[in-house]
Amino acid sequence: QVQLVESGGGLVQAGGSLRLSCAASGRTFSSYAMGWFRQTPGKEREFVAAISGRGGSRYYADAVKGRFTISRDNAKNTVYLQMNSLKPEDTAVYYCAATLGGATMREDRWGSWGQGTQVTVSS
């Protein structure tokens, strides 16, 4: 398993932007598909975006398509989530995840998780 540490969360006004980063330990980072999920109080964690090991395939939840972009830098063992045109409903704790299987929307298929970073979008 890899160790994951997220950063970049914070408070932003609606319409603004944030970039989340997730730094991973280990020497086999490119072997892992990476993903972002989010969770609000009282709700289940939901899929946001995922990217394949070499970055050739990307997947997005319908709610963020066209606004969020996932990318990765395998030389830096880091995955990013660029969030533009943020809305109050994007407010959540955002989690980074890693899997040796293929990228998937299914939460139970991801084996490693970060501690989460809070994103708050004010109206």
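Residues numbered from 1 in each chain as written. Predicted model: local features only at pLDDT ≥ 70, side-chain atom pairs only at ≥ 80, totals over all residues. Heavy atoms only, no water.

1. Quick word on the overall build of the chain
Logical step 1: On a plain count of helices and strands, the chain comes out with zero helices and eleven strands.
Logical step 2: In the chain, the succession of helices and strands from N to C terminus is β-β-β-β-β-β-β-β-β-β-β.
Logical step 3: Summarising its shape, the C-alpha atoms of the chain cover approximately 40 × 30 × 25 Å along the three principal directions.
Logical step 4: With 123 residues in all, the chain has 46% of them scored as buried.
Logical step 5: Taking all contacts inside the chain whose residues are at least 6 apart in sequence as the whole, residues at least 24 apart take part in 58%. (Helix = DSSP H or I, 4+ residues; strand = E, 2+ residues; numbered from the N terminus. Buried < 20%, exposed > 50% of the residue type's maximum accessible area, 1.4 Å probe, protein only. Contact = heavy atoms within 4.5 Å.)

2. Observations concerning the state of the cysteines
Logical step 1: A complete count under the given rule lists one disulfide for this structure.
Logical step 2: With its sulfur 2.1 Å from that of its partner, Cys-22 forms a disulfide with Cys-96. On the S-S bond that ties Cys-22 to Cys-96, the torsion sits near -80°, and the link is left-handed. Of the two residues, Cys-22 sits in strand β3 (residues 18-24) while Cys-96 sits in strand β9 (residues 92-99), which places them 74 residues apart along the sequence. (Disulfide = S-S within 2.5 Å.)

3. Concerning the nonpolar core
Logical step 1: Counting 35 residues, the largest nonpolar core has Met-34, Trp-36, Val-79, Leu-81, Met-83 and Tyr-94 as the members making the most contacts within it.
Logical step 2: Of all the elements in the fold, those that place two or more residues in this core are β3, β4 (33-39), β5 (46-51), β7 (68-73), β8 (78-83), β9 and β11 (117-122).
Logical step 3: In contact with Leu-81, other than residues within four places in its own chain, are Leu-18, Arg-19, Leu-20, Trp-36, Val-48, Ala-49, Phe-68, Thr-69, Ile-70 and Tyr-94. (Core = buried A, V, L, I, M, F, W, Y, C linked by side-chain atoms within 4.5 Å.)

4. Points about the packing of aromatic side chains
Logical step 1: Within this structure, the stated rule accounts for three aromatic pairs.
Logical step 2: With a centroid separation of 5.7 Å and an interplanar angle of 75°, the aromatic rings of Phe-37 and Trp-110 are classed as edge-to-face. Separated by 73 residues along the polypeptide, Phe-37 in strand β4 and Trp-110 in the loop between β9 and β10 (112-113) bring together distant segments of the chain.
Logical step 3: Residue Trp-110 is classed as buried on the basis of its relative accessible area of 4%.
Logical step 4: Put simply, the rings of Phe-37, Phe-47, Trp-110 and Trp-113 touch in pairs and so form one group of aromatic residues. (Phe/Tyr/Trp six-rings, centres within 6.5 Å; stacked < 30°, edge-to-face > 60°.)

5. Regarding the sheet that holds β7
Logical step 1: Read across the open sheet, the four strands follow the order β1-β3-β8-β7; overall the sheet is antiparallel. In the strand order of this sheet, the two ends are held by β1 (4-7) and β7, each with one partner. The sheet shows a mean angle of 15° between the axes of neighbouring strands, direction not considered. (Pairing = 2+ DSSP bridges. Axes fitted to C-alpha atoms, helices over the stretch in contact; angles between N-to-C directions.)

6. Observations concerning the side chain of Arg-72
Logical step 1: Within the fold, Arg-72 resides in strand β7.
Logical step 2: One buried charged residue, Arg-72, remains without a salt bridge, the closest side chain of opposite sign being Asp-73 at 8.3 Å.
Logical step 3: For Arg-72, the side chain forms a polar contact with the main-chain oxygen of Gly-53, separated by 3.2 Å.
Logical step 4: Dropping the residues within four chain positions of it, Arg-72 is found in contact with Phe-29, Ser-30, Tyr-32, Ala-33, Met-34, Ile-51, Ser-52, Gly-53, Gly-55, Thr-78, Val-79 and Tyr-80. (Lys, Arg positive; Asp, Glu negative; His and termini not counted. Salt bridge = Lys/Arg side-chain N within 4 Å of Asp/Glu carboxyl O. Polar contact = N/O pair within 3.5 Å; in protein donor to acceptor, adjacent residues only side chain to side chain.)

7. Quick word on the pairing of β1
Logical step 1: Burial along β1 is one-sided: Leu-4 and Glu-6 are buried, and none of Val-5 and Ser-7, which face the opposite way, are.
Logical step 2: Where β1 and β3 come together, four bridges link them in antiparallel fashion. Looking at the pairing, Val-5 lines up with Ala-23 of β3.

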